[in-house]
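Per-entry structural report
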Amino acid sequence: MTRRPPSHLRRLVALGATVLAAGCVSENVITVTVGQITVTPAVGRVLETESTQFTATVEDQEGRALNRAPVIWSSDDPAIVSIDSTGMATGMAEGSVTIRAEFRGVTGQATVNVSPAPEVEFAIDSATIAAAVGTLGPEPTRVLILSTAGPLTDLTAEVVYPPGGTTGWLDATLESTSSPTNLVLTPDITGLLVGTYTATVAVSSPVDPDSPHFLPVTLTIAGFTVTESGGSTSVNESGTTDDFTVVLDVEPESDVVMNVVSADPGEVTASPVSLTFTPGNWSTPQTVTVTGVNELISDGDQIVPVVVIVDDEASADAFHPIPGDTVDVTNVDDDIAGFTLTESGGSTGVSEAGTTDDVTVVLDVEPISPVVLTIASTDPGEATVTPVQMTFTSANWAAPQTVTVRGVDDNLLDGDQTSQLRVSVDAAASDDSFDGLAPDSVPIITADDDDAGIALTTFGGGLVDSLLVNESGTSAVFRMALAAQPTSNVVLTLASDDVSEATVAPAVAVFTAANWNVPIQVTVTGVDDAVIDGDQFTDITIAVDPANSDDNFDGIPPRIVPTRTVDNDEAGFLVQQSGGSSFVDEAGGTDSLSVRLVAEPASNVVITAGSADTGEVTVTPATLTFTPANWNDVQVVVMTGVDEDVDDGDQTTEVTLSIDAAASDDDFDTLEDALVLVRTVDDDVAGFTIVQSGGATQVAESGTTDDFTVVLNSEPLSDVVLTLLASDPSEATVAPTNLTFTATDWDTPQTVTVTGVDDLVDDDNVQSVIAVAVSAALSDDTYDPVPDQTVSVTTVDDDSPAGFTVTEIAGTTVSESGTTDDMTVVLDTEPISQVVLTITSSDVGEAAVSVPSMTFTNANWNTPQTLVVTGVDDDVIDGNQTSSLTFSIDQAASDDNFDALADTVITATTTDDDVAGFTVTPSDGTTVVSEAGTTDDLAVVLDAEPASNVVISAASGDLGEV
């Protein structure tokens, strides 16, 4: 019989066949039987409004995880727990509920317990704040914020004012954003009137489902008004009265008691000493009467404060912060401070020979403290007085004290002289009541016992004959004094007979008997008259004022000093720029020049104004006329910028002002022109503007188009060429690729068309840009530095989703004899990068694959690759066997667009070629024994591997032989 090769050799042959074989498969969908679903966590706890994530693990019957199984989530009671499609569970109300995850009829579940969410809780139901008008406002109020059922986070506070109410007076802040914390309420009463203000503070937390919670806040600004009758309050020491009223400005919650206190009851008393206001009479004014108190001392009018203040212990809380108010009450003194002078014989006379006379002094009323009187002679050169000071006290105030007056010899022929004995209060050393007394005096006549020209000199001592000055304001000076001592003042007047050419100072000089020989400086100054009139001569006259001078000097003749004023006037005109320079802008901006003559002309002067470039600057008016009447009036030339569309930068233009010699005073004909540089600020900026149709640019791979326009922002001096470049021509192209603008069409928009480009890659919508740039070599230099701009383009993808297809020829069947079958694999769409498929057999002892992997690129993605499946001989009588061929994406080595693809599984059938049987082989081909008892052997072997033990029985057909 034919012997089969040993099994280990058969396996080697089969293995070699699998290495050489190649084949192909098709994509199959395998039905998976779900074993169980596990929900994690099994028990979850959440607060109301809080969310937590649950996950579901789906396994097949062999315990393998089905990672992409789309479970359906549900809640037994969505009113307690709601759950979305991702397994996110949210607590809705207190309670316990079961949530479920279901896939293909199999369900996993978990329990969710919902606890109440914490809520904001205020330590008080409302906040009341008291304040007073005229104060800085109350200290901040702190309200404790707690929470029920656990802490709160992310707390916020907001002030809400009633509709139509006053807003902005309350600031509410939280010391921290987690409970417990304090809500700090800080009112700002600046500008608020007396009254009641309300607001509500809303405190919220995202954890608190009942947020916001509201805290009412009330601010009461209390005050009272004191009104003096007649606008002030005054009484008299004789006991007269005056009154004022007090009234509350706002209704109190309970009684308010006001105390009335006089700061000096010895001067003023007040009645009543307290006022009580109730919620019933708060708006009714109550009267306080003040009365003057008499005393016998001359203390002058006294100002006594009467204070009205809230009695905090007896008054409503809202009125505690109110400061007291004060009424200043004047108590008029009826004791008048004064003193009396009495002349002996009814008058006071002395002589230069040294005779004396007396005057007595006494106070009119008793002082509170000493009164010191100062005694003085108004002319000690004619009469002296002793003593020079007297002191009166409350003990001697009524006793007269004597002043002795003595005549003084002055050796002057001044006639009888009258001076004054002056008595005044030394305020610093005296009773204040006497401080305001005016000095008093009596005349003193001193009998005279004595028996009477003008000198003009230079500072060098020489005589003054004439003076020289200039219109520029130079001066000439000399000295002046009396030639003899006068007995009374001598008044000299100084005058110029033409003050438009020269002035003299001083205008009046007074000499006395004391300074008659002390020289006074006289200054003569030239005056600028602005007239071209040559040198002028003026007389300076010095004369005695007989009405105010010593009669002995009345007959002195006036002194005349001739003075020459040198003319400094020259023809000219002055041009002044506003701000020191001239600027205009192309938008029609203006600037001005102020023009005037510097000297008065004899006839009209005409100045012409002109612009060197009227395309940049115009001037108005074109001529200015100055006359002898208006020569020093300023006339204005207005310069106006002219707009053009060229970006030529700032331009400088010459504006010229010239004398029109034919129409002007001859003195002005030779004047040079005035040149003013005017800068015109350019408002044209080189650039270009892109406008996308519809505001964005989008095309599709099917070849649709979109467009945008491009236009220059300013007129160029020469052509401007813009280049257009697509960053990704495989997605979108642009036409045209350049645009040319000229000086005539620069402001006409040109259209650019963008076209979508098809590709075979599933690359989603792709963003690319169209770059628009100035071609510097071909464009106006002004446009060279203009920055590039880009237009973003979206190309909408039209390619199939990532995938691959496995194709079987007619099912996959091989046999243990080493037969093969094949299948093809191809990608459904072009990848961006390579795609690697791994291929595995679930039982390589039955079916082997020709390659462990296949690699597809964007060059061969649509070329099918063949996989060969080869049957493997196992010598086991196991019947036909099925195995799974799994095609998987190698995510680490593949285009990310293919990573999420599910595995494809193909079933391969291996046909069994093993038949049950056994073979007996004699040694040496035959079996021979002898009756002598010799032996021979038989070899027994199974033809196939059994699934379990095989027992073979051996028996002799003739036990008598063998």
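Keep in mind the model is a prediction, meaning the values are calculated, not measured. (Residues numbered from 1 in each chain as written. Predicted model: local features only at pLDDT ≥ 70, side-chain atom pairs only at ≥ 80, totals over all residues. Heavy atoms only, no water.)

This paragraph deals with the overall build of the protein chain. Across its full length, the protein chain carries 1 helix and 73 strands. Along the first, second and third principal axes, the C-alpha atoms of the protein chain reach 215 × 100 × 60 Å. The 962 residues of the protein chain split such that 38% are buried. (Helix = DSSP H or I, 4+ residues; strand = E, 2+ residues; numbered from the N terminus. Buried < 20%, exposed > 50% of the residue type's maximum accessible area, 1.4 Å probe, protein only.)

Moving on: the sheet that holds strand E3 (residues 51-53). Ordered in space as E3-E7-E6, the 3 strands form an open sheet in which the pairing is antiparallel. Both outer strands of the open sheet, E3 and strand E6 (81-83), are each paired with one neighbouring strand and no more. Averaged over neighbouring strand pairs, the angle between their axes works out to 25 degrees when direction is ignored. (Pairing = 2+ DSSP bridges. Axes fitted to C-alpha atoms, helices over the stretch in contact; angles between N-to-C directions.)

Another aspect to go through is a nonpolar patch on the surface. Side chains of Phe918, Val920, Leu938, Val940, Leu942, Val950 and Ile952 sit close together on the surface and give an oily, nonpolar patch of about 580 Å² of accessible area. Sorting the residues of the nonpolar patch by element identifies strand E72 (918-922) and strand E73 (938-942) as the ones contributing at least two each. Tallying contributions element by element places E73 first for the nonpolar patch, with 3 residues. With respect to the secondary-structure elements, Val920 resides in strand E72. A relative accessible area of 40% means that Val920 is categorised as partly exposed. (Patch = residues over 30% accessible without salt bridge, like charges linked within 9 Å, V, L, I, M, F, W, Y side chains within 5 Å. Areas by Shrake-Rupley, 256 points an atom, 1.4 Å probe, with all protein chains shown as cover. Salt bridge = Lys/Arg side-chain N within 4 Å of Asp/Glu carboxyl O.)

Once that is clear, we can look at the packing of aromatic side chains. Aromatic ring pairs are defined here through the distance separating the ring centres and the angle between the ring planes. Tallied over the entire structure, the rule returns 2 aromatic pairs. Between Tyr161 and Trp169, the ring centres sit 6.2 Å apart and the planes meet at 65 degrees, which makes this aromatic pair edge-to-face. Each of the two residues, Tyr161 as well as Trp169, counts as buried. Look at Trp169 and Tyr197: their rings are 6.4 Å apart centre to centre, the planes differ by 55 degrees, and that puts the pair in the tilted class. (Phe/Tyr/Trp six-rings, centres within 6.5 Å; stacked < 30°, edge-to-face > 60°.)

Strand order in the open sheet formed by 5 strands is E55-E62-E61-E57-E59, and the pairing between neighbours is mixed. Each edge of the open sheet is held by one strand with a lone partner, namely strand E55 (697-700) and strand E59 (738-741). Pairs of neighbouring strands in the sheet enclose a mean axial angle of 25 degrees, with direction left out of account. Here 4 bridges tie strand E57 (residues 720-726) to E59, and the two strands are oriented antiparallel to one another. Note that in E59 the partner of Val720 across the bridge is Phe741.

There is a patch of like negative charges on the surface, built from Glu253, Asp312, Glu313 and Asp317. Counting through the fold element by element, Asp312 comes out in the loop between strand E25 (302-310) and strand E26 (325-332). In this structure Asp312 comes out as partly exposed when scored by relative accessible area, which is 36%. (Lys, Arg positive; Asp, Glu negative; His and termini not counted. Charge placed at Lys NZ, Arg CZ, Asp CG, Glu CD.)

We now examine the pairing of strand E60 (residues 750-756). Relative to E60, strand E56 (residues 705-712) runs antiparallel, the two sharing 6 bridges. Along E60, the bridge assignment pairs Phe708 with Val752. Where strand E58 (residues 732-735) lies against E60, 4 bridges are found, and the strand directions are antiparallel. Note on E60: the bridge partner recorded for Val734 is Val754.

Below, the discussion takes up the environment of Thr458. Its location among the elements puts Thr458 in the loop between strand E36 (454-457) and strand E37 (467-470). Between the C-alpha atom of Thr458 and that of Arg479, which follows or precedes it by 21 residues, the distance is 6.0 Å. Residue contacts for Thr458: discarding those within four places in its chain leaves Leu463, Val464 and Arg479. (Contact = heavy atoms within 4.5 Å.)

Another aspect to go through is unusual backbone geometry. In the segment running from Ser271 into Pro272, the intervening peptide bond is cis, with an omega of -5 degrees. Position of Pro272 relative to the elements: it lies in the loop between strand E22 (268-271) and strand E23 (274-277). Here the residue pair Ala505 and Pro506 is connected by a cis peptide bond, since its omega of 5 degrees sits within 30 degrees of zero. In this fold, Pro506 is placed in the loop between strand E40 (502-505) and strand E41 (508-511). With a phi angle near 75 degrees, Thr49 is a residue other than glycine that sits in the positive phi range. By the secondary structure assignment, Thr49 is in the loop between strand E2 (43-47) and E3. You can call Thr49 partly exposed: its relative accessible area is 35%. Even without a glycine there, the phi angle at Arg104 is positive, about 50 degrees. Following the sequence through the fold, Arg104 ends up in the loop between strand E8 (95-103) and strand E9 (106-115).

As a further point, take the nonpolar core. The biggest cluster of nonpolar side chains holds 28 residues, and the ones touching the most others in it are Phe224, Phe244, Val246, Met258, Val290, Val306 and Phe319. If you list the elements that add at least two residues to this core, you get strand E18 (224-228), strand E20 (241-248), strand E21 (256-262), E22, E23, strand E24 (286-292), E25 and E26. The biggest single contributor to this core is E25, with 4 residues. Discounting chain neighbours no more than four positions away, the residues touching Met258 are Phe224, Val273, Ser274, Leu275, Phe277, Val308, Ile309 and Val310. By size, the runner-up hydrophobic cluster in this structure holds 27 residues, among which are Val120, Ala172, Leu183 and Ile189. (Core = buried A, V, L, I, M, F, W, Y, C linked by side-chain atoms within 4.5 Å.)

Here the focus is the pattern of salt bridges. Applying the stated criterion across every chain yields a total of 5 salt bridges. In this structure, the salt-bridge partner of Arg100 is Asp76, at a minimum N-O distance of 3.0 Å. You can see Arg100 sitting in strand E8 and its partner Asp76 sitting in the loop between strand E5 (72-75) and E6, a full 24 residues away along the chain. Since its relative accessible area comes to 27%, Arg100 is described here as partly exposed. Residues Arg564 and Asp535 are paired through a salt bridge, measuring 2.5 Å at the closest nitrogen-oxygen approach. With a gap of 29 residues between them, Arg564 in strand E44 (residues 559-566) and Asp535 in the loop between strand E42 (520-526) and strand E43 (536-544) connect regions that are remote in the sequence.

So, to be careful, I would describe these as geometric facts and stop short of saying anything about function.
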